[in-house]
Amino acid sequence: MFKNYFKTAWRNLGKNKTFSIITIAGLAIGMASSILLLSYVSFQYSYDKFNKNAKNIYRVNLSQYQNNNLVFNSAENYPALAHTLKTDFPEVVDAARLYNMGYKNNCVFTYQNKYFKETKFFYADASFIAMFSFPFIEGDPKTALTQSFTAVISESFSHKFFRNENPIGKLIQMDDDDRNSELCKISGVFKDVPENSHIKFNILISYPTLYHRKEGTVRYEDSWNRKDFYTYILLRPGTNVNVLESKFPSFINKYIPHEKESHTENKLALQPLEKIHLAPKLNDEPEPTGNGKTIYFLLIIAVFIITIAWVNYINLSTTASSNRAKEIGIRKVLGSNRSQLIKQFLIESLIVNLVALLIALMVIILLQPALSKFFAVNFQFSGLIKNEYGLAFILFLFFGAFFSGLYPAFVLSSFKPTRVLKGKMSTSKSGTTLRQSLVIFQFSLSIFLIIGTFVVYQQVHYMLNQNLGIKVTQVLAINRPSRWDKSDSINGMHVQRFKDELKNNPAIEGVAMSNAIPGKEIRGRLDFHKKEMQNANIVSLNTIGIDDDYINVLGMTILAGRNFSKQYPTDENGLILTASAVQQLGYKTPTDAIEKQLLQGDVGYTIVGVTNDFHQQSLDKKAEPIAFQFNGNDYEADEYYLVKLNTTNVQQAVSHVQNVWMDTFKGNPFSFFFLDEYFNQQYNNEIQFGKLFGFFSLIAIVIACIGLVALVGSMIKQRTKEIGVRKVLGASVQDVLVLLTKEFIKLILLANLIAYPLGWLLMNNWLKDFAYRININWWIFFAAGLLAVIIALTTISFQAVKAAIANPVKSLRME
């Protein structure tokens, strides 16, 4: 029986080729788009789940409050925290620390005559390897990081340095920005860290290696002062995380009792490993994180697209019912019952969906590499079918295919044979209402997607073109040398020579140095209070060390006071504050702050200048108060050299800078980037989201229009006689066009009314994450609605015009 159903279904698809092509094309496009989006969404949700202990691993985050105001919310913590948690809480099975030296971009690794800068490396506790699932190719993971001056490296790093040699036992030299030079023995090789890991590295150096620095265990093992270590703990299965977190306040009071005296409160929070990547971003993250809300929006778009495709199928199947009416009548006369007909039509639906799915998979295989490159995202289809999201989507496709075929099956099987065989087939009012409702539903979703595309584009454009308070165009940023001479005076001469030679070139406007650059999170923070007020509140400010050219090179404005200068020896203890820092300290105007004294612990500082506020980071964060310190002749404190270009021949200027660098800082790689490009990298998530939103919104509209074409064609076919009669009675082509289009335009206008509040609610919710955002203007809704009407009219017009200009004699003769 089922074999016969399949044969009949396949025969019907071949008989109605135009209908079959339209329905399968719409479904295939919808499925391909949804699967691509879901593969990206599932990849984002898969972060860190490859770790076998993932469900019991937590990162310990640190929030600090001063005077009940949040100062920072950091992914890093105290060095002493890890082993203390393990000692004090039986719920903690193991703990591990990572110390990030790679963020400074100034470490060079050397083997024989090869040297490379490497930013993806950490000092790690030996327990880190046991806690996480990073498979080893060579070496013993249990002992690889237990000894000082040992390191484990990734497979790709091993190939880059050692080619086909066995790296075990080989020595590599690391030169860091503190003028430390360490020889580390390779004790293991691990497989490259998966792309869906929130923390990525090519080298792990044993944690005991840190002890051999000048501060030893005081600085890196027992310290409750510095806060720059990632801390992970492995909890016993079944541990109540909320109960454990409730014990942390007394734990903090036990080990850091002096914080209360300065009105400071530290709060520890446990963050599940699997939720780190898509959680709201914290300070000091080791890698750029994703945006959970954005990923959720993409999931919604995927569901919208496949739903629009299924709605198309339902609409087309019921609209084309008149073509199958006589077939159904004859089948019923010959003894077919309704249940058999329902099975027949459901099998047809299943075949259509399966063929569409196969075509969709072929399209994905062909286009996935190109789309991944264009959108700069990871469409991992192979990963989708291996996880729970793939299973969920397969079930979703199955039920969608079933239910999209269910209604047409019931409609078609309900025809009365006596009526259809007499040619008295007519469309029911309820059927017409349903089809109209489905058209409204389709275009409501499509118009919402158009609104969303406009809003995302406007927000991204706003962020990329907003006045930052600084000028970052044509600024070349260079990572400072990692290899220094042992003599401070010689190093100073090299740096000054580098600056002077560059300034002599007319294509170079200025050269500055600093320990942080716009677009990079400031990791330095100091607590200040007014010297003249004994009980003054402590104010925590981000601090950047700069030279006397930094403010001019970035085009900042001195609002009061003066810039730093080597002519003033006291500037070593001077500060330049931004306007918001002045306000936070309680001064009424920038002028009031000049020459005032601040204390940072026991160290006194004098405010010598005030600058305008500027955006150190992206516009999803508020511009934070900043205090500039003068690095003076402390050249090793500067991590970046900024070269302001003033030329149209940028490549030639960069070549000149490189030549001067190689001549001045021999043995140091020349690593540079342009500051504006670096700053705008912060918007990669939003730019990707905008591209994805716009592209797949277009796909959704195309699918809706495919259905609209078929619906209009079917409607015109049913009204052929009516159109002929109207033309015989004197109706013009314009009258016929209005007749055929007005019904659909009414539906599109109604769809606008539904889409407008939906678009405002969802997109306004998306914009809430931005500290600086656009307002959703009325014209966005008007433009989206107008565009939908134009698209609908364009889609309808071809067939409507063809019907309107047809010879009425032929249409009436056909009847």
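About the thresholds
- Residues numbered from 1 in each chain as written.
- Predicted model: local features only at pLDDT ≥ 70, side-chain atom pairs only at ≥ 80, totals over all residues.
- Heavy atoms only, no water.
- Helix = DSSP H or I, 4+ residues; strand = E, 2+ residues; numbered from the N terminus.
- Buried < 20%, exposed > 50% of the residue type's maximum accessible area, 1.4 Å probe, protein only.
- Contact = heavy atoms within 4.5 Å.
- Axes fitted to C-alpha atoms, helices over the stretch in contact; angles between N-to-C directions.
- Parallel < 35°, antiparallel > 145°, perpendicular 65-115°, else oblique.
- Left-handed = near helix turned anticlockwise from the far one by under 90°.
- Nonpolar A, V, L, I, M, F, W, Y, C, P; charged D, E, K, R; others polar.
- Core = buried A, V, L, I, M, F, W, Y, C linked by side-chain atoms within 4.5 Å.
- Phe/Tyr/Trp six-rings, centres within 6.5 Å; stacked < 30°, edge-to-face > 60°.
- Lys NZ or Arg CZ within 6 Å of the ring centre and 35° of its normal.
- Salt bridge = Lys/Arg side-chain N within 4 Å of Asp/Glu carboxyl O.
- Patch = residues over 30% accessible without salt bridge, like charges linked within 9 Å, V, L, I, M, F, W, Y side chains within 5 Å.
- Areas by Shrake-Rupley, 256 points an atom, 1.4 Å probe, with all protein chains shown as cover.
- Expected span 1.5 Å × (residues − 1).

Caption draft 1: Just the overall build of the protein chain, in detail. On a plain count of helices and strands, the protein chain comes out with 26 helices and 24 strands. Considering the protein chain as a whole, with its 815 residues, one finds that 53% of them fall into the buried category.

Caption draft 2: Highlighting the side chain of Thr289. Tracing the backbone shows Thr289 in the loop between strand E13 (264-272) and helix H9 (292-319). For Thr289, the contacting residues outside a window of four places in its chain are Ile276, His277, Lys281 and Asn685.

Caption draft 3: Looking closely at the environment of Leu445. Looking at the secondary structure, you find Leu445 in helix H15 (residues 429-465). Once residues within four sequence positions are removed from consideration, Leu445 is found in contact with Phe304 and Ile308.

Caption draft 4: Quick look at the packing of helix H3 (residues 81-88) against helix H8 (residues 248-255). Packing of H3 against H8 leaves a shortest axis separation of 12 Å and a crossing angle of 120°. Judged by the inter-axis angle, H3 sits oblique to H8. Note that H3 runs across H8; the crossing there is right-handed. Contacts between H3 and H8 pair Leu81, Thr84, Leu85 and Asp88 from the former with Phe248, Phe251, Lys254 and Tyr255 from the latter. Among the residues making up the contact of H3 with H8, the classes are represented as five nonpolar, one polar and two charged.

Caption draft 5: Here's a closer look at the nonpolar core. Formed by 114 residues in total, the largest nonpolar core has its most connected members in Leu298, Val455, Phe628, Leu642, Met763 and Trp766. Sorting elements by how many residues they give to this core places helix H22 (residues 684-718) first, with 15 residues. Setting aside residues no more than four positions away along its own chain, Leu642 makes contact with Val475, Leu476, Ala477, Gly510, Val511, Ala512, Ile517, Tyr550, Val553 and Leu554. Ranked by size, the runner-up nonpolar core spans 27 residues in total, among them Ile129, Phe132, Leu145 and Tyr232.

Caption draft 6: Representation of the packing of aromatic side chains within the structure. Across all of its chains, the model carries 55 aromatic pairs by this definition. Aromatic side chains Phe498 and Trp661 sit 5.6 Å apart centroid to centroid with 85° between the ring planes, which places their arrangement in the edge-to-face category. Residue Phe498 is found in helix H16 (residues 488-503), and its partner Trp661 is found in helix H20 (residues 650-664); the two are separated by 163 residues along the sequence. Both residues of the pair, Phe498 and Trp661, belong to the buried class. Members of the aromatic cluster, each reached through a chain of ring pairs, are Phe50, Phe122, Phe128, Phe132, Phe134, Phe136, Phe190, Phe201, Tyr230 and Tyr232. Just above the ring of Tyr207 sits the side chain of Arg97; from NZ or CZ to the centre is 4.0 Å. Just above the ring of Tyr587 sits the side chain of Lys530; from NZ or CZ to the centre is 4.4 Å.

Caption draft 7: Geometry of unusual backbone geometry. One non-glycine residue, Asp48, adopts positive backbone phi at about 70°. Take Asp48: it is sitting in the loop between helix H2 (17-45) and strand E1 (57-66). Backbone geometry places Asp284, a non-glycine residue, at a positive phi of 65°. In this structure, Asp284 sits in the loop between E13 and H9.

Caption draft 8: Quick peek at the pattern of salt bridges. One pass over the full model with this rule turns up 18 salt bridges. Between Asp663 and Arg497 there is a salt bridge whose closest N-O contact spans 2.3 Å. Of the two residues, Asp663 is situated in helix H20 and Arg497 in helix H16; the sequence distance between them amounts to 166 residues. Asp663 is the partner of Lys666 in a salt bridge, and the nearest nitrogen-oxygen pair spans 3.7 Å.

Caption draft 9: A look at the side chain of Glu285. Relative to the helices and strands, Glu285 resides in the loop between E13 and H9. By relative accessible area, which is 12% here, Glu285 ends up buried. Setting aside its immediate chain neighbours within four residues, Glu285 contacts Arg59, Ala75, Tyr230, Ile276 and Glu521.

Caption draft 10: Broad picture of a nonpolar patch on the surface. A surface patch of nonpolar side chains, about 450 Å² in accessible area, is lined by Ile359, Met362, Val363, Leu366 and Leu367. With respect to the secondary-structure elements, Leu366 resides in helix H11 (residues 338-375). Overall, the relative accessible area of 69% leaves Leu366 in the exposed class.

Caption draft 11: A look at H2. Taking 1.5 Å of rise per residue, 29 residues should cover 42 Å, and H2 covers 41 Å from first to last C-alpha, within 8% of that figure. Counting buried positions over the 29 residues of H2 gives 21, a clear majority of the element.

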